[in-house]
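# Residue-level structure breakdown
What follows is each chain in one-letter form.
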Amino acid sequence: MEKLIVDTSSREYPVYIGEGLLHQSADLLAPVLEGKTKALVISDSNTAPLYAETVRTALEPLLPVHLHTLPAGEQSKSLEEYEQVMTACIHAGLDRHSVILALGGGMIGDLAGFAAATYMRGISFVQVPTTLLAQDSSVGGKTGINHPLGKNLIGAFHQPEAVLYDTDTLSSLPDKEWRSGFAEMIKHAFIKDSNLLSRLRTEVQSTEDMKKESLKQFLRQSMTVKADIVKEDERETGVRAFLNYGHTLGHAMEKASGYNNLTHGEAVAAGMIFAMKLSNYLQYSNWDIAYETAWFTALGYPVEAASAFEPAALVETMKNDKKARAGELTFVLASAPERPFLAKVKERDILHLLLEMKKGGS
Ligand SMILES: NC(=O)c1ccc[n+]([C@@H]2O[C@H](COP(=O)([O-])OP(=O)(O)OC[C@H]3O[C@@H](n4cnc5c(N)ncnc54)[C@H](O)[C@@H]3O)[C@@H](O)[C@H]2O)c1
Ligand SMILES: [Zn+2]
């Protein structure tokens, strides 16, 4: 088992990564569950049938365990489902000394975390991630739900008390979800861990390779990057913005595709290649685009996906991003691995590159 400690100003908590951890959850979570009155496991319709019983059986000797299941998919990260979760908390009789366990991917983690942040002005919560992407979302304390007018517009910072990452749960994860999560690992490697980046480059050349034995170490390294950044900047006033590498264009593409055809990681992967192109174009760097593109393509990422959209529409969407300031376009660029920086980029430069891609010129 791998373990790391996330140390933020509001809380210090352990992250356990390894096989069979759901079965050991009573031992690993004992310090968190001590003195707690009840637990509510929140899960979705894909993960609950696979793993909720194991968690319940493991924890029931310690405290009463309730389960609330909601439909799988991003559309459940909604005000309506949030209300249902609140109702479930009340029906289960949760009090201020109860705990919510988020058993699922980032959708469940964000929604259950927000429920824990707000129920009775905040109760304990534990992340039990079951997707590869949740290596990113389960650490750092950002919780929230979507509004029909925009993603993640409603939320709170609320750190979990522990993260229990049972890598056995990933065995049921569809390949496209592996790729989605792996893009965030590549992102962490690019912005802050060259050693991880070179290991990923040599050891992972296909989706199948993502499932290798070394995954647990990769996860620890990747989550350490996230933890270090969160420690430095819990509320995103500075370096935490580097975690948005690949996300400016990525978010715009996700939005343009109606959050349907592209997974988050696919969009971010295409966004990272675009950030490298942009950085070269603005003469900040000398990325070997052909080499990076070949690797990303071998891993199954649609690196040219942006060319399916209207460049001007993508730029408009980027300007409306909640992270854009007063319509300015700020990109995370990198001059080399581990050298990310924020750059204000002119609209016409972005349009130029997007148009070039659309013409098949790069
Ligand atoms: N809070 C943060 O810091 C942060 C960071 C990144 C992403 N996010 C959020 O995370 C969400 C995306 O996360 P995600 O990709 O994990 O999405 P998700 O939770 O919707 O999971 C993706 C799909 O995989 C299924 N699934 C989950 N675990 C499974 C398993 N073990 N076996 C089989 N199927 C399984 C789910 O039911 C779903 O259909 C978005 O809402 C995004 O905004 C949050
Ligand atoms: Zn992301």
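For the structure, check the block above.
My aim in this report is to walk through the structure given alongside it, one point at a time. All of these numbers come straight from a predicted model, not from anything done at the bench. Sequence order as written defines the numbering, with residues in each chain counted from 1. Each chain takes a letter, starting from A, and each ligand takes a number, starting from 1, following the order in which they are written. It should be noted that, the model being predicted, local features are given only for residues of pLDDT at least 70 and side-chain atom pairs only at 80 or more, the latter also being counted only at that level, while totals for whole chains, interfaces and linings use all residues. With hydrogens and water set aside, each side-chain value is computed from the structure's full complement of heavy atoms.

Another point: the overall build of the protein chain. By the criteria applied, helices consist of DSSP H or I runs no shorter than four residues and strands consist of E runs no shorter than two, each listed in order from the N terminus. Within the protein chain one finds 13 helices and 11 strands. Here the globule rule reads 2.2 Å times residues to the power 0.38, and the radius of gyration is calculated from C-alpha atoms. For a compact globule of 362 residues, the expected C-alpha radius of gyration is about 21 Å, and the protein chain comes in at 20 Å, within 12% of that figure. Any residue under 20% of the maximum accessible area for its type is buried, any over 50% is exposed, and the rest in between are partly exposed; the area is computed with a 1.4 Å probe on protein chains only. A total of 362 residues make up the protein chain; the buried ones form 57% of that total. Pairs of residues are marked as contacts when any of their non-hydrogen atoms sit within 4.5 Å. Nonlocal contacts in the protein chain, meaning residues at least 24 apart in sequence, comprise 75% of its contacts between residues at least 6 apart. Only the protein chains shown count as cover for residues, with accessible areas throughout obtained via the Shrake-Rupley method and a probe of 1.4 Å. Counting every atom, the protein chain has about 14900 Å² of accessible surface; 49% of that belongs to carbon and sulfur. Counting rule for charge: Lys and Arg are taken as positive, Asp and Glu as negative, and neither His nor the chain ends is counted. Lysine's charge is taken at NZ, arginine's at CZ, aspartate's at CG and glutamate's at CD. Of note, the protein chain has its 36 positive side-chain charges centred 5 Å away from the centre of its 45 negative side-chain charges.

Now for the packing of aromatic side chains. Pairing of aromatic rings covers Phe, Tyr and the six-membered ring of Trp, with a centre-to-centre limit of 6.5 Å; geometry is then stacked below 30 degrees between planes, edge-to-face above 60, and tilted otherwise. Counting across every chain of the model gives 7 aromatic pairs. For the ring pair tyrosine 284 and phenylalanine 341, a centre distance of 4.8 Å and an interplane angle of 65 degrees mean the geometry is edge-to-face. Residue tyrosine 284 is located in the loop between α10 (264-281) and α11 (289-298), and its partner phenylalanine 341 is located in strand β11 (residues 340-344); the two are separated by 57 residues in the primary sequence. Residues phenylalanine 296 and tyrosine 301 carry aromatic rings whose centres are separated by 5.9 Å and whose planes lie at 55 degrees to one another, so their mutual orientation is tilted.

Residues are counted as near a molecule or strand when any one of their heavy atoms sits within 4 Å of it. The local shell around ligand 1 holds 25 residues, among which Glu74, Gly106, Thr130, Thr131 and Ser172 are the closest. Whenever two N or O atoms come within 3.5 Å, that pair is a polar contact, provided that in protein one can donate a hydrogen and the other can accept it, and provided that, for residues adjacent in sequence, both atoms are side-chain atoms. Aspartate 44 places a side-chain nitrogen or oxygen 2.8 Å from an oxygen atom of ligand 1. For ligand 1, an oxygen atom lies 2.8 Å from a polar atom in the side chain of asparagine 46. Considered on its own, ligand 1 offers 870 Å² of accessible surface; in the complex 88% of this is hidden by protein. The element contributing the most residues to the shell around ligand 1 is helix α4 (residues 106-118), with 3 residues. Per-class residue counts for the shell around ligand 1 are 6 nonpolar, 10 polar and 9 charged. Classification convention: Asp, Glu, Lys, Arg as charged; Ala, Val, Leu, Ile, Met, Phe, Trp, Tyr, Cys, Pro as nonpolar; all other residues, Gly among them, as polar.

Before going further, it helps to spend a moment on unusual backbone geometry. The phi dihedral of arginine 121 is positive, around 65 degrees, even though this residue is not glycine. On the secondary structure map, arginine 121 appears in the loop between α4 and β6 (124-129). In the Ramachandran plot, glutamine 283 falls in the positive-phi region, its phi being about 65 degrees despite a non-glycine side chain. Relative to the helices and strands, glutamine 283 is located in the loop between α10 and α11. Taking the relative accessible area as the measure of exposure, glutamine 283 reaches 72% and is therefore exposed.

For helices, the axis comes from a line fit to the C-alpha atoms of the stretch in contact; other axes are also lines fit to C-alpha atoms, and the angle between any two N-to-C directions lies between 0 and 180 degrees. At a minimum axis separation of 6 Å, helix α6 (residues 175-192) and α10 run at an interaxial angle of 35 degrees. The element α6 and its partner α10 pack so that their crossing is left-handed. Every residue of α10 that contacts α6 at Ser180, Ala183, Glu184, Ile186, Lys187 and Phe190 is listed here: His264, Gly265, Val268, Ala269, Met272 and Met276. In this scheme the handedness of a crossing depends on how the near helix is turned from the far one: anticlockwise by less than a right angle means left-handed, clockwise means right-handed.

Everything listed here is a matter of geometry and, on its own, says nothing about what the molecule does.
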